[in-house]
Protein chains: 2
Amino acid sequence: MSSRKRARVKLAEVAEAAGVSKMTASRVLNNGKGFSEETRDRVMAEVHRLGYMHDRMAVAFSSHSSSTFVGVSIPDLGNEVFAQVLEGIERRLNSSGYQAVLCVSQYDTASVDSWIERVLQWRPAGLIVTGRNHSEQGRKLLRQADVPVVELWDLNTSPLDLSVGINHYDSGYAMGRFMVERGHRTMAYIGTHHDTAHSAKSRFQGWQSAIQDGGGTVEDTYVLKDTPGFYGGYYATEQMLSRTADLDAIYYQNDNMAAGGLMFAQSRGLSVPGDLGIAGWGDLPISAILPQRLTTMHVAHLKLGQKAADSILAAIKGKPVEEVTSIDFRFVPGETI
Amino acid sequence: MSSRKRARVKLAEVAEAAGVSKMTASRVLNNGKGFSEETRDRVMAEVHRLGYMHDRMAVAFSSHSSSTFVGVSIPDLGNEVFAQVLEGIERRLNSSGYQAVLCVSQYDTASVDSWIERVLQWRPAGLIVTGRNHSEQGRKLLRQADVPVVELWDLNTSPLDLSVGINHYDSGYAMGRFMVERGHRTMAYIGTHHDTAHSAKSRFQGWQSAIQDGGGTVEDTYVLKDTPGFYGGYYATEQMLSRTADLDAIYYQNDNMAAGGLMFAQSRGLSVPGDLGIAGWGDLPISAILPQRLTTMHVAHLKLGQKAADSILAAIKGKPVEEVTSIDFRFVPGETI
DNA sequence: TTGAAAGCGTTACCAA
DNA sequence: TTGGTAACGCTTTCAA
């Protein structure tokens, strides 16, 4: 109420107050060399006294440099997995002085494209995009922008620029083989349409191959059009068991769906894995409180995000970077298969 | 590999190619008025042909305008509730052409402060900060920056600028009263230290008042130093039941913790609510698959985020805004109290 | 160690 | 409907 909108203090005022030129003040602020200690102290004193705030917009403009923004696109924050990945990214970026500019795409390619276009206009230092299903338009924009890009989540052996991800196919195959080894033969899969095209599908394909290689069959698949969550798993299990008889086991897109399946089984008095085997993916927090330890695949989601941030930061700073970074997964035996 | 880093096409080149002045080209790009349709077509043709990209940095600089960035600070993405809030914010901002610049603070005030300082240097259009426990430093920065600020989550009746939140105290009181009405007397609370100081504490205080007003007592509280999740609820319930006898019911910080408690009770063969009543908060997805419907409080988290975005957008555009926006909660009776 | 002048790409402002 | 010129706040570059 009391203060009228004061014009922002500018460097020239600081310089004048300190009795030096703009350039000297600028050098002090940028921790450069070329000024006496006494000069530095005088300038900094004025900076604090006047409450000077560096105008990074002007800096970026004048010096033709990038911003400290890194665009990060994620499909869905309702999916715990991506929330974790994002947190990993943000922490690492933040501690290096960069800021994440977020896009929650809802798996909509067009909206990612328009976000990419808009964010590129702000001279971002880099971009991290989840998934590799870019449209031609998006791909073109990313290529012509002279900006480091990390494709996250799916391992992409010939990335646009950099890739940090998981070999989803292999993780699916490993689970499928285990399920067969435990004696299951008649199988089904429950998942969702989303999950950025490749990844869940790759897991499914790897898993399917393992089942077939082991002499089992995939009798049914149920694909929801929703985020892969608890209720989806519960509901789809109910549907599936009512339409397909004699299933040995179900492989779920992730642990939250599998938890839904397990709770459904419990509600019907089915014994797991005797009557029905259940396998998840992700080793998510829910598995800690279920009546049985879930058979799943551990993935370090936070670490995945951090690695992505590491890659983009290295590229930004012109340091050498691995083009492709593969994040491990680890089998968690559990009690449900 | 093939293309050497071409200098970015600038407006002057477009203008020249189209045979008009920079100003005319600028007007066309900004959808202003003051040019013939033919001129527009010629300019746009060159824009596409040359692949011109608007340099928003230069725009913001020259026109003294803000960026399209809105700083958003959130304490923790491992907490589903905040992930939902953030998604609500981001969707709304994005569809209005603004971008969220993220800070995941881990409840660390100092890190929020330094983020605020850095993000303000980029002339953000506005800021949305979760919680109202700003440090003096942060408060000062926010005040002197001439930028709209929304304080989110806790309802703050005398906000720095704008507030969008929930009356946590009342929601706690409502639950406490219900628990007493259902005959519970000897109560306990399980929560975490975090949750941005006020909110969970306010719920606890409201709840406690209701218990006391109803003639009950709060026998025990268990406060974890962790994000409020499934396992925390499970573990704390185990600890609490082993140290405090004859509890009628436990009020949890949120549904995920309550789900942990419920699963623990189930694992020990306790009947709910007969042996132990359980109440949660938030109406989170987990409640859909539990063996019993959870007694909880529904909060529209996504909507809360959207309202916050609406407030900041209105303020940015200079439209009239309610200083304080209260988001409703709704009691969900359930079967666990 | 310091400073003066030019320039970054765009829009505001005024003139035609 | 157009265009010229100044201005935005800082850094680069060159000179002292």
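This is a predicted model, so every value here is computed, not measured.

Would you take a moment to explain the protein's contact with DNA strand C for this structure?
In the neighbourhood of DNA strand C, 27 residues make up the surrounding shell, with Arg27(A), Lys10(B), Leu11(B), Ser26(B) and Tyr52(B) lying closest. Backbone sugar and phosphate groups make up 56% of those atoms of DNA strand C lying within 4 Å of the protein. Separating a phosphate oxygen of DNA strand C from a side-chain N or O atom of Ser26(B) is a distance of 2.2 Å. Counting only elements with at least two residues in the surface near DNA strand C, the list comes to helix H2 (22-29) and helix H4 (56-63) of chain A together with helix H2 (22-29) and helix H4 (56-63) of chain B. Here the element with the most residues in the surface near DNA strand C is H4(B); it accounts for 5 residues. For the surface near DNA strand C, a count of residues per class yields 10 nonpolar, 12 polar and 5 charged.

Looking at this structure, I do not really get the packing of aromatic side chains. What am I missing?
Two measures describe an aromatic ring pair: the distance that separates the ring centres and the angle between the ring planes. Residue and element names in this part refer to chain A. Considering all chains together, one arrives at 27 aromatic pairs over all chains under this definition. Between the aromatic rings of Tyr-189 and Phe-204, the centroid separation amounts to 4.8 Å while the plane-to-plane angle is 55°, which identifies the pairing as tilted. Taken together, the residues span a long stretch of sequence, with Tyr-189 in strand E6 (residues 186-192) and Phe-204 in helix H9 (residues 198-213) at a distance of 15 residues. With a relative accessible area of 6%, Tyr-189 lands in the buried category.

Is there a simple way to think about the interface of chain A and chain B in this case?
It is common to give the size of an interface as the accessible area lost on bringing the parts into contact. In this complex, chain A contributes 55 residues to the contact, which on the side of chain B involves 55 residues. Buried surface at the junction of chain A and chain B, both sides included, amounts to about 5100 Å², of which 64% is carbon and sulfur. The interface formed by chain A and chain B contains 2 salt bridges. For Asp55(A), the salt bridge identified is with Arg123(B), shortest N-O distance 2.6 Å.

Hey, could you run me through the protein's contact with DNA strand D in this one?
Of all residues adjacent to DNA strand D, which total 27 residues, the nearest are Met23(A), Ser26(A), Tyr52(A), Arg27(B) and His64(B). Each atom of DNA strand D within 4 Å of the protein belongs either to a base or to sugar and phosphate, the latter forming 58%. At 2.3 Å from a phosphate oxygen of DNA strand D is found a side-chain nitrogen or oxygen belonging to Ser26(A). Those elements that provide at least two residues to the surface near DNA strand D are H2 and H4 of chain A together with H2 and H4 of chain B. Take the surface near DNA strand D: its biggest share by element is 5 residues, from H4(A). Within the surface near DNA strand D, the residues separate by chemical class into 10 nonpolar, 12 polar and 5 charged.

Would you mind going over the relation of the copies chain A and chain B with me for this structure?
Mapping one chain copy onto the other needs a rotation about an axis and a shift along that axis. It takes a turn of 180° to lay chain A on chain B, together with a shift of 0.0 Å along the axis; the resulting RMSD is 0.2 Å. Here the copies are linked by what is in effect a two-fold axis. No C-alpha of chain A lies nearer the rotation axis than that of Val101(A), which sits 2.2 Å from it. A share of 100% of interface residues in chain A that are also interface residues in chain B marks the association as one of identical surfaces.

Before we go on, may I ask you to explain helix H7 (residues 136-144) of chain B in this structure?
For an α-helix, 3.6 residues make a turn, and residues three or four places apart therefore share a direction. All names here are of chain B. Taken together, the buried positions of H7 are occupied by Gly-138, Leu-141 and Leu-142. Buried residues of H7, viewed axially, fall in a sector of 95°; they line one side. Of the residues in H7, the exposed ones pointing more than 90 degrees away from the buried face are Glu-136, Lys-140 and Arg-143. Those residues of H7 hidden inside the fold are in contact with helix H6 (109-120), strand E3 (126-130) and strand E4 (149-154).

How should unusual backbone geometry be read in this particular structure?
Backbone phi values are negative for most residues with the exception of glycine, while trans is the configuration of most peptide bonds. For the bond from Val272(A) to Pro273(A), the omega torsion is 5°, close enough to zero to count as cis. Phi is positive for Trp153(A), close to 100°, though the residue is something other than glycine. Within the secondary structure, Trp153(A) is located in strand E4 (residues 149-154). One non-glycine residue with positive phi stands out, namely Arg123(B), at about 50°. Since its relative accessible area comes to 10%, Arg123(B) is described here as buried.

Just to check I follow, could you spell out the pairing of E3(B) for this structure?
Along a regular strand, successive side chains alternate from one face of the sheet to the other. All names here are of chain B. For E3, the tally of buried residues reaches 5 of 5 residues, placing the bulk of the element in the interior. Judged by which residues are buried, E3 turns out to be covered on both faces: Gly-126, Ile-128 and Thr-130 on one side and Leu-127 and Val-129 on the other are all buried. Relative to E3, strand E1 (residues 69-74) is paired through 4 bridges, and the arrangement is parallel. Looking across to E3, one finds that Ser-73 is bridged to Val-129. Pairing between E3 and E4: 4 bridges, direction parallel.

Even after reading the chapter, I still don't get the UniProt feature "domain: HTH lacI-type" (unreviewed entry) in chain A, so can you show me in this structure?
Residues given the UniProt feature "domain: HTH lacI-type" (unreviewed entry) here are residues 9-63 of chain A. Here residues 9-63 of chain A is 69% helix and 0% strand, with 20 Å between the C-alpha atoms at its ends.

So what exactly am I meant to see when it comes to the sheet that holds strand E5 (residues 162-166) of chain A here?
One key point about sheets: their strands pair by backbone hydrogen bonds, in either a parallel or an antiparallel sense. Strand order in the open sheet formed by 12 strands is E11(A)-E5(A)-E4(A)-E3(A)-E1(A)-E2(A)-E2(B)-E1(B)-E3(B)-E4(B)-E5(B)-E11(B), and the pairing between neighbours is mixed. Each edge of the open sheet carries a strand with a single partner, namely strand E11 (324-327) of chain A together with strand E11 (324-327) of chain B. Adjacent strand axes in the sheet meet at a mean angle of 20° when their direction is disregarded. Pairing between strand E2 (residues 99-104) of chain A and strand E2 (residues 99-104) of chain B: 3 bridges, direction antiparallel. For Ala100(A), the partnering residue across the bridge sits in E2(B) and is Leu102(B).

About the cut-offs
Residues numbered from 1 in each chain as written. Chains lettered and ligands numbered in written order. Predicted model: local features only at pLDDT ≥ 70, side-chain atom pairs only at ≥ 80, totals over all residues. Heavy atoms only, no water. Near = heavy atom within 4 Å. Polar contact = N/O pair within 3.5 Å; in protein donor to acceptor, adjacent residues only side chain to side chain. Helix = DSSP H or I, 4+ residues; strand = E, 2+ residues; numbered from the N terminus. Nonpolar A, V, L, I, M, F, W, Y, C, P; charged D, E, K, R; others polar. Phe/Tyr/Trp six-rings, centres within 6.5 Å; stacked < 30°, edge-to-face > 60°. Buried < 20%, exposed > 50% of the residue type's maximum accessible area, 1.4 Å probe, protein only. Contact = heavy atoms within 4.5 Å. Buried area = accessible area lost by both parts, 1.4 Å probe. Salt bridge = Lys/Arg side-chain N within 4 Å of Asp/Glu carboxyl O. Least-squares fit on C-alpha atoms with pLDDT ≥ 70 in both. Arc of directions from axis to C-beta. Pairing = 2+ DSSP bridges. UniProt positions renumbered as here; feature names shortened; annotations may be inferred. Axes fitted to C-alpha atoms, helices over the stretch in contact; angles between N-to-C directions.

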